[in-house]
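What follows is the residue order along each chain.
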Amino acid sequence: MAVSRRRIGAGLGLVPFFAYVAIFLFVPTVVVAVNAFSVNGRPTMDAVDSLFTSTLLRVTVRSLELSFITAVIGAVVGALVAYAVVTAKPNGVLRRAVTSASGVLAQFGGVTLAFAFIATIGTNGVVTAFVADHGSINLAGSGWLYSLNGLILVYTYFQIPLMVIVFLPALDGIRPQWREAAENLGASTWQYWRHVGIPLMLPAFLGSTLLLFTNAFSAYATAAALVSQGAPIIPLQIRGALSSETVLGHQNVSFALALEMMVIVAVAMVGYARLQRRTSGWLR
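The structure contained in this document is the topic of the report that follows.

Criteria and cut-off values
Residues numbered from 1 in each chain as written. Predicted model: local features only at pLDDT ≥ 70, side-chain atom pairs only at ≥ 80, totals over all residues. Heavy atoms only, no water. Helix = DSSP H or I, 4+ residues; strand = E, 2+ residues; numbered from the N terminus. Buried < 20%, exposed > 50% of the residue type's maximum accessible area, 1.4 Å probe, protein only. Contact = heavy atoms within 4.5 Å. Areas by Shrake-Rupley, 256 points an atom, 1.4 Å probe, with all protein chains shown as cover. Lys, Arg positive; Asp, Glu negative; His and termini not counted. Charge placed at Lys NZ, Arg CZ, Asp CG, Glu CD. Core = buried A, V, L, I, M, F, W, Y, C linked by side-chain atoms within 4.5 Å. Salt bridge = Lys/Arg side-chain N within 4 Å of Asp/Glu carboxyl O. 1 Å grid on protein atoms, 1.4 Å probe; cavity = no way out; pocket = protein on both sides within 12 Å on 5 of 7 lines; lining within 4 Å. Points joined across faces, edges and corners; volume = space filled by probe spheres on them. Nonpolar A, V, L, I, M, F, W, Y, C, P; charged D, E, K, R; others polar.

Points about the overall build of the protein
Part 1: Assigned secondary structure in the protein consists of 13 helices and 2 strands.
Part 2: With the principal axes as the frame, the protein shows a C-alpha extent of 80 × 70 × 35 Å.
Part 3: Here the protein holds 284 residues, and 36% of them are scored as buried.
Part 4: In the protein, 72% of the contacts between residues at least 6 apart in sequence involve partners at least 24 apart.
Part 5: Summed over its atoms, the accessible surface of the protein is roughly 16,100 Å², and 67% of this surface lies on carbon and sulfur atoms.
Part 6: With 17 positive and 9 negative side-chain charges, the protein shows a spacing of 15 Å between the two charge centroids.

A look at the nonpolar core
Part 1: Formed by 40 residues in total, the largest nonpolar core has its most connected members in Phe-167, Ile-234 and Leu-257.
Part 2: Contributing elements (two or more residues each) for this core: α2 (15-36), α4 (54-87), α8 (148-172), α10 (189-218), α12 (234-243) and α13 (253-283).
Part 3: A total of 8 residues in this core trace back to one element, the largest contributor, which is α13.
Part 4: When neighbours within four sequence positions are excluded, Ile-234 is seen to be in contact with Val-59, Thr-60, Ser-63, Phe-217, Leu-257, Glu-260 and Met-261.
Part 5: Membership of the second largest hydrophobic core comes to 20 residues, among which are Ala-114, Leu-145, Ala-216 and Ala-223.

Structural notes on the pattern of salt bridges
Part 1: Tallied over the full model, the rule gives 2 salt bridges.
Part 2: Here Arg-95 ties to Asp-172 by a salt bridge, and the two come within 2.6 Å at their closest N and O atoms. Here Arg-95 is found in helix α5 (residues 93-105), whereas its partner Asp-172 is found in helix α8, with 77 residues between them in sequence.
Part 3: Given a relative accessible area of 16%, Arg-95 falls into the buried group.
Part 4: You can call Asp-172 partly exposed: its relative accessible area is 39%.
Part 5: Among the salt bridges present, the one from Glu-183 reaches Arg-179, with a minimum N-O distance of 3.7 Å. Taken together, the residues Glu-183 and Arg-179, both in helix α9 (residues 176-184) and 4 residues apart, mark about one turn of the helix.
Part 6: Residue classification places Glu-183 among the partly exposed positions, given a relative accessible area of 47%.
Part 7: Judged by relative accessible area, Arg-179 falls into the partly exposed class, the value being 25%.

Description of the layout of surface pockets
Part 1: Of the volumes computed, that of the largest pocket is approximately 260 Å³.
Part 2: As for the largest pocket, its lining consists of Val-76, Ala-79, Leu-80, Tyr-83, Phe-167, Leu-171, Trp-193, Gly-197, Ile-198, Met-201, Leu-202 and Phe-205.
Part 3: Secondary-structure elements contributing two or more residues to the lining of the largest pocket are α4, α8 and α10.
Part 4: At 6 residues, α10 tops the list of elements feeding residues into the lining of the largest pocket.
Part 5: Here the lining of the largest pocket is built from residues that sort into 11 nonpolar, 1 polar and no charged.

Here is the structure:
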């Protein structure tokens, strides 16, 4: 009887969680899926078919390009920074400073980050004006900061510290005994990393890269504040579709775009979960 009461109590403790998932995840997903395949209650494929038009295909390609480039740059640079932190003193100033800064900078996004870049290297930015007054270089160029290239730079700013945070535990999981065993067997540093270190780190690295990809793919506020005209990526295209449901002559285009994002993110997160499962096996 006491065991049954404990089980009931444990089940009741999960009610808030399931309610949260239902309200903020399940219900919005169902609403998006239903409206992507219907207009005014009438089933139709018009909105989904519009995703394959040249305009929206270009938007999808740009979004994937932005996410892939920033994920790769953030993963490589962040992994190097994380490795430098791991090789430093465990409780040293460098590790504490880098981890603290990464925790702050990884969350420093949205309108604040966009304004910081605009005020620094924008058309009338402080650094832009200073360089123009003391040289012949025009940092603003042709407005590159407000285009896809500018988004790549700004997104990389928070992708690198995020990689440091998510990849650091995997590097901490490498046991010194493994390297000592390799050295006792006559392996060089390159051979150790080639046959032991890199194979162990690869799933964690790829999983972290996928996490960075989804982080960039779903980001909205920074791009919305930085790009005032046009819609080079899917989140901005959704904004345009919500403000005018006559995009390309089809209705509910915003729901079709949101459904497309959900599918891409779901695929990426499934890959991330599988890679994390492989990594957790030797981190125990």
